Amino acid sequence: MFSFQRITFVGFGLLASSLAAAIKQAKSKVIIRAVSSPKTLERAKELQIADETFGYEEMESWVEGSDVILLCTPISVILSFLKKLSQMKPSRPILVSDIGSTKAEICRAGESLPAPFRFVGSHPMAGSEKHSLEFNDPSLFENAYWFICPPSGMDASEYRYLSEIIAFVGSTPVVFPPEHHDQTVAWVSHMPQMASTSLAANIPARLLDNGYQHFAGRAFRDMTRIAASSWAMWKDIAETNKPEILHALDEYIAGLKATRDAISNIPAEEETLHRIFLQGNEGRASLFAPGKNSSNSFFQLTVQLKDEPGSILSVLKPLAEAKLNIRDVELMKVRENIAGTLLLAFKKEEQANAARVILQSLGFVVTER
Ligand SMILES: NC(=O)c1ccc[n+]([C@@H]2O[C@H](COP(=O)([O-])OP(=O)(O)OC[C@H]3O[C@@H](n4cnc5c(N)ncnc54)[C@H](O)[C@@H]3O)[C@@H](O)[C@H]2O)c1
Ligand SMILES: O=C(O)C(=O)C[C@]1(C(=O)O)C=C[C@@H](O)C=C1
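A brief report on the enclosed structure follows. (Residues numbered from 1 in each chain as written. Chains lettered and ligands numbered in written order. Predicted model: local features only at pLDDT ≥ 70, side-chain atom pairs only at ≥ 80, totals over all residues. Heavy atoms only, no water.)

1. Quick notes on the packing of helix H7 (residues 178-201) against helix H11 (residues 242-264)
Consideration 1: Between H7 and H11, the least distance of the axes is 8 Å, while the angle of their chain directions is 65°. For H7 against H11, the interelement crossing comes out right-handed. Residues Asp-182, Gln-183, Ala-186, Trp-187, His-190, Met-191, Met-194 and Ala-195 of H7 form the contact with H11, whose participating residues are Glu-244, Ile-245, Ala-248, Leu-249, Glu-251 and Tyr-252.
Consideration 2: Across the contact of H7 with H11, the residue classes break down as 9 nonpolar, 2 polar and 3 charged. (Axes fitted to C-alpha atoms, helices over the stretch in contact; angles between N-to-C directions. Helix = DSSP H or I, 4+ residues; strand = E, 2+ residues; numbered from the N terminus. Left-handed = near helix turned anticlockwise from the far one by under 90°. Contact = heavy atoms within 4.5 Å. Nonpolar A, V, L, I, M, F, W, Y, C, P; charged D, E, K, R; others polar.)

Encoded structure:
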């Protein structure tokens, strides 16, 4: 499964603990070493996702003996650990990598590490607005893309430990130069975060003062999920990818402006708004092209619940008995005296179909979404 023995996670938050939990689940012989604050380390031991624990300051101890060091802190802290590592001389080769969301600055610093360190930058396109090991999820990386940014000329065999981890957690590796990475994710990750944050940050007082934001439907909730993200993480992303994020925001703002202009010219120029909608339909569909970003393409069903105790269980139990793997469950409507609607997501269409047939045979009203 792995050709290395010891991996050291520096920072043990959401992503590091999710990786550790995935490795632990597989009962591999890899020794997981966690470097973090005493409170986090205590919890990691309780959750049985770390074998050895170290304080940040015990650097000599956690560097020595590592086959892989994965830097999993906010970017500014990754940069400061790279600086500290550059002063050290371990007795044997160590692969150093990181999971930071921007790559150019990190790779510049990493590539200057002296031998016997060797550095390769990386970035999994998987995560959440939540943070800390309390939310660890061993399936977080399944079907996600995972960028690898090796120094030019580095042979893939030199970072095979990282490739083994990426394959093991079910991600697809993508090798990109760091600058190309930063330019790309500015559009598909960093700018959308800023757009979501701005949307949630600008709910007008005329709504908030009356509590009208509660009327928001799924659309507003979906668009603002990541507005709950951590400032500690995003501050560093904004600082280390500023020109690219600004460029992407300018392009998005120009698009918003074009939509605004089209609306202001309705009905005379209705066709312009129509064209924007068609482009939007296409842009959205292009995210889910076959084989592309399949992690997002779930097959969803809604099930009307009966208004009685145990009603959620009566939906989930027959599906569990049929060994259908439900990837996401959401209770969509809960109002007094009105039964709720359960949203179920499946990875495969066959599974969603099988679930629909089972539930319909039990008398449930099931709709495909
Ligand atoms: N959350 C995501 O969606 C996501 C996705 C891909 C990559 N990343 C990147 O992964 C990294 C970690 O993200 P996460 O989601 O696991 O965050 P997290 O907040 O869950 O974990 C961060 C860890 O870093 C530690 N840390 C924070 N400040 C520190 C400091 N000053 N000194 C030492 N340790 C410190 C925290 O204690 C914690 O253990 C970031 O670089 C982020 O850019 C995050
Ligand atoms: O919250 C999520 O769903 C994410 O996956 C977060 C997300 C993203 O934009 O996709 C955010 C930043 C990262 O560096 C990688 C992943």
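2. A few points about the pattern of salt bridges
Consideration 1: In the structure shown here, the tally under the stated rule is 14 salt bridges.
Consideration 2: A salt bridge links Arg-92 to Asp-67; the shortest N-O distance between them is 3.2 Å. Highlighted residues: Arg-92 in the loop between helix H4 (75-85) and strand S5 (94-98) and Asp-67 in the loop between helix H3 (59-63) and strand S4 (68-71), separated in sequence by 25 residues.
Consideration 3: Across the pair Glu-368 and Arg-356 runs a salt bridge, and its minimum N-O distance is 3.0 Å. (Salt bridge = Lys/Arg side-chain N within 4 Å of Asp/Glu carboxyl O.)

3. Points about the site of ligand 2
Consideration 1: The environment of ligand 2 is made up of Ser-101, His-123, Pro-124, Ala-126, Gly-127, Ser-128, Glu-129, Ser-189, Arg-225, Ile-226, Met-233 and Trp-234.
Consideration 2: The contact in question runs from an oxygen atom of ligand 2 to an N or O atom on the side chain of His-123, over 2.6 Å.
Consideration 3: For ligand 2, an oxygen atom lies 3.2 Å from a polar atom in the backbone of Gly-127.
Consideration 4: When ligand 2 is considered free in solution it has 370 Å² of accessible area, and contact with the protein chains removes 81% of it. (Near = heavy atom within 4 Å. Polar contact = N/O pair within 3.5 Å; in protein donor to acceptor, adjacent residues only side chain to side chain. Areas by Shrake-Rupley, 256 points an atom, 1.4 Å probe, with all protein chains shown as cover.)

All we've got here are geometric facts, nothing functional implied.
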